[in-house]
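Secondary and tertiary structure notes
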Number of protein chains: 2
Amino acid sequence: MASITIGEVAERTGLSVHALRFYEREGIMANPVARNAGGRRVYSEDDIEWLIVCTVLRASGMPMTAIRRYTDLVRHGEGNEKERLALLREHEQRVTDQMDQLTRCLDLIHYKIGVYEDVLGTDSPINGT
Amino acid sequence: MASITIGEVAERTGLSVHALRFYEREGIMANPVARNAGGRRVYSEDDIEWLIVCTVLRASGMPMTAIRRYTDLVRHGEGNEKERLALLREHEQRVTDQMDQLTRCLDLIHYKIGVYEDVLGTDSPINGT
DNA sequence: GTACGATCTAGAGCCGACTCTAGGTCAAGT
DNA sequence: ACTTGACCTAGAGTCGGCTCTAGATCGTAC
């Protein structure tokens, strides 16, 4: 199990080196990142897995503050499963709300695409919007 | 057709009065907003419809710059349908990409919710993450 | 005619989430 | 020994998208 550097983690997670240091400062690592003798970060596979979870949550619009609260709960250990569940359900709601909005937007786009395709196809422009 | 004030538009679109003035400054009104004798904005029903389209696009993550480009095309009149179509297709891609990510996130959330429900249901905590 | 709330403009401020800089230290190759 | 590049910390800067402020004007109700 070779020591994993921050650069490798950046490659594997798609996060920038800067973002990784930022995330650590912000307290969203479930376990403190180890250091080698020279003071450099040494990541574990678990750290990477956690970071991947975080990237999925972030990409779905979970705010840093919520991720930090969740991280705090995980770091604090067993016994707070109810709170974790509540945070997850809260985000589930955010995600489904977003999906609804995206669906509404896709409907609009498809409608408008249809209009423009007709216009272009028939060479008879009708509608200005 | 009573003159519609900015406050009424705010109520009807869900945008703030500040945001409405900001949008206008940023050039994302398809038609210039009219003014009354005292210099106050007078919106039309068309303006409101356009703003509603904009809110749908914004809510689905279309950047202001893209909305502005689209607005410019619409304002410029017929003959640029191909470009409008291209912008819409570009955003369609953004939207479907987002949906994929949201779906991935929902899978993760549902998995984790399942884990925590089991933990809480059986009173036998197993997994710390 | 006066009070008061809605509106006006121009411009500053804010927030989230990074991103970058400065000024160093560490480690691997030659 | 020296070069080079990845890494370190602390803190400043950036960007998008609003949001708020100041100071003035408008317009309706009394």
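All residue numbers here refer to positions counted from 1 along the written sequence of the relevant chain. Chains and ligands are labelled by the order in which they are written, letters from A for the one and numbers from 1 for the other. Where totals are concerned, whole chains, interfaces and linings use all residues; where local detail is concerned, this predicted model gives features only for residues with pLDDT of at least 70, and gives and counts side-chain atom pairs only at 80 or more.

We now examine the overall build of chain A. Counting secondary structure elements, chain A contains five helices and two strands. Each helix is a run of DSSP H or I of at least 4 residues and each strand a run of E of at least 2, with the numbering of both proceeding from the N terminus. Going residue by residue from the N terminus, the α and β elements of chain A occur as α-α-β-β-α-α-α. Relative to its length of 129 residues, chain A is extended, with a C-alpha radius of gyration of 22 Å against a globular reference of 14 Å. The dimensions of chain A, computed from C-alpha atoms along their principal axes, are 75 × 35 × 25 Å. With 129 residues in all, chain A has 19% of them scored as buried. With C-beta atoms placed from the backbone, a contact is any residue pair whose C-beta atoms sit within 7 Å. Partitioning the contacts of chain A with sequence separation of at least 6, the portion at a separation of at least 24 is 50%. Only the C-alpha atoms count toward the radius of gyration. The rule for a globule is 2.2 Å times the residue count to the power 0.38. Think of it as a crowd count around each C-beta: if 20 or more other C-beta atoms lie within 10 Å the residue is buried, if 12 or fewer it is exposed, and in between it is partly exposed, with C-beta placed from the backbone throughout.

Quick look at the protein's contact with DNA strand D now. Each residue gets a C-beta atom placed from its backbone. Should that atom fall within 6 Å of a molecule or strand, the residue is termed near it. By nearness alone, 21 residues border DNA strand D, and Thr5, Gly7 and Arg41 of chain A together with Gly38 and Met64 of chain B come closest of all. No other element matches helix α2 (residues 17-25) of chain B, which puts three residues into the surface near DNA strand D. The residue inventory of the surface near DNA strand D, partitioned by class, reads seven nonpolar, nine polar and five charged. Here the term charged refers only to Asp, Glu, Lys and Arg, the term nonpolar to Ala, Val, Leu, Ile, Met, Phe, Trp, Tyr, Cys and Pro, and the term polar to all other amino acids, Gly among them.

Moving on, we come to the interface of chain A and chain B. Between chain A and chain B, the contact holds 34 residues from the first and 34 residues from the second. Broken down by secondary-structure element, the contributors of at least two residues to the side of chain A that touches chain B are α3 (45-59) and α5 (81-122) of chain A.

Moving on, we come to the relation of the copies chain A and chain B. With an axial shift of 0.0 Å and an RMSD of 0.1 Å, the rotation relating chain A to chain B amounts to 180 degrees. Taken together, these values place the two copies in the relation of a two-fold axis. Nearest to the rotation axis, the C-alpha of Met99 of chain A is located 3.3 Å from it, this being the minimum over chain A. A high fraction, 100%, of the interface residues of chain A reappear at the interface in chain B, so the copies pair face to face through one surface. Least squares is used to superpose the copies, and the fit set is the C-alpha atoms of residues whose pLDDT is at least 70 in both copies.

To continue, consider the environment of Asp100 of chain A. Structurally, the position occupied by Asp100 of chain A is in helix α5. Each C-alpha atom of the pair Asp100 of chain A and Leu120 of chain A lies 30 Å from the other, and the pair is 20 residues apart in sequence.

With that out of the way, let us pick up helix α4 (residues 64-76) of chain B. All names here are of chain B. In this model, α4 (13 residues) spans 18 Å end to end at C-alpha, consistent with the 18 Å of a helix rising 1.5 Å per residue. What α4 keeps buried is the set Ile67, Tyr70 and Thr71. An end-on view of α4 places all buried positions within 105 degrees of arc, on one side of the element. In α4, the exposed residues that point more than 90 degrees away from the buried face are Thr65 and His76. The first or second residue beyond α4 is Gly77, which carries a positive phi of 95 degrees. A helix is expected to reach a length of 1.5 Å times the quantity of its residues less one. As used here, the arc is the angular range of directions from the helix axis to the C-beta atoms.

To continue, consider the protein's contact with DNA strand C. Surrounding DNA strand C, one finds 21 residues, the nearest of these being Gly38 and Met64 of chain A together with Thr5, Gly7 and Arg41 of chain B. Among the secondary structure elements, those contributing two or more residues to the surface near DNA strand C are α2 (17-25) and α4 (64-76) of chain A together with α1 (6-13) and α2 of chain B.

Ranked by size, the top nonpolar core spans 18 residues in total, and within it Cys105 of chain A together with Leu51, Cys54, Leu57 and Ile67 of chain B carry the most contacts. For this core, the secondary structure elements donating two or more residues are α5 of chain A together with α2, α3 (45-59), α4 and α5 (81-122) of chain B. Of the residues forming this core, the biggest block, four residues, is contributed by α3 of chain B. If near-sequence neighbours (up to four positions away) are discounted, Leu57 of chain B is found in contact with Cys105 of chain A together with Met62, Ile67 and His91 of chain B. In this usage, the nonpolar core is the set of buried Ala, Val, Leu, Ile, Met, Phe, Trp, Tyr and Cys residues whose C-beta atoms join them within 7 Å.

Our next topic: the packing of helix α1 (residues 6-13) of chain A against α3 of chain A. Residues and elements named next belong to chain A. Whenever a helix is involved, its axis is fitted only over the stretch in contact; in every case the axis is a line through C-alpha atoms, and angles between N-to-C directions fall within 0 to 180 degrees. With their axes 10 Å apart at the nearest point, α1 and α3 run at an angle of 40 degrees to one another. In terms of their interaxial angle, α1 and α3 are classed as oblique. In this structure, α1 crosses over α3, and the sense of that crossing is right-handed. Contacts between α1 and α3 involve Val9, Arg12 and Thr13 from the first element and Ile48, Leu51, Ile52 and Thr55 from the second. When the residues that make up the contact of α1 with α3 are grouped by side-chain class, the tally is four nonpolar, two polar and one charged. Here the angle decides the label: under 35 degrees means roughly parallel, over 145 means roughly antiparallel, 65 to 115 means roughly perpendicular, and every other value means oblique. By convention the crossing between two helices is left-handed if the near helix lies anticlockwise of the far one by an angle smaller than a right angle, and right-handed if it lies clockwise.

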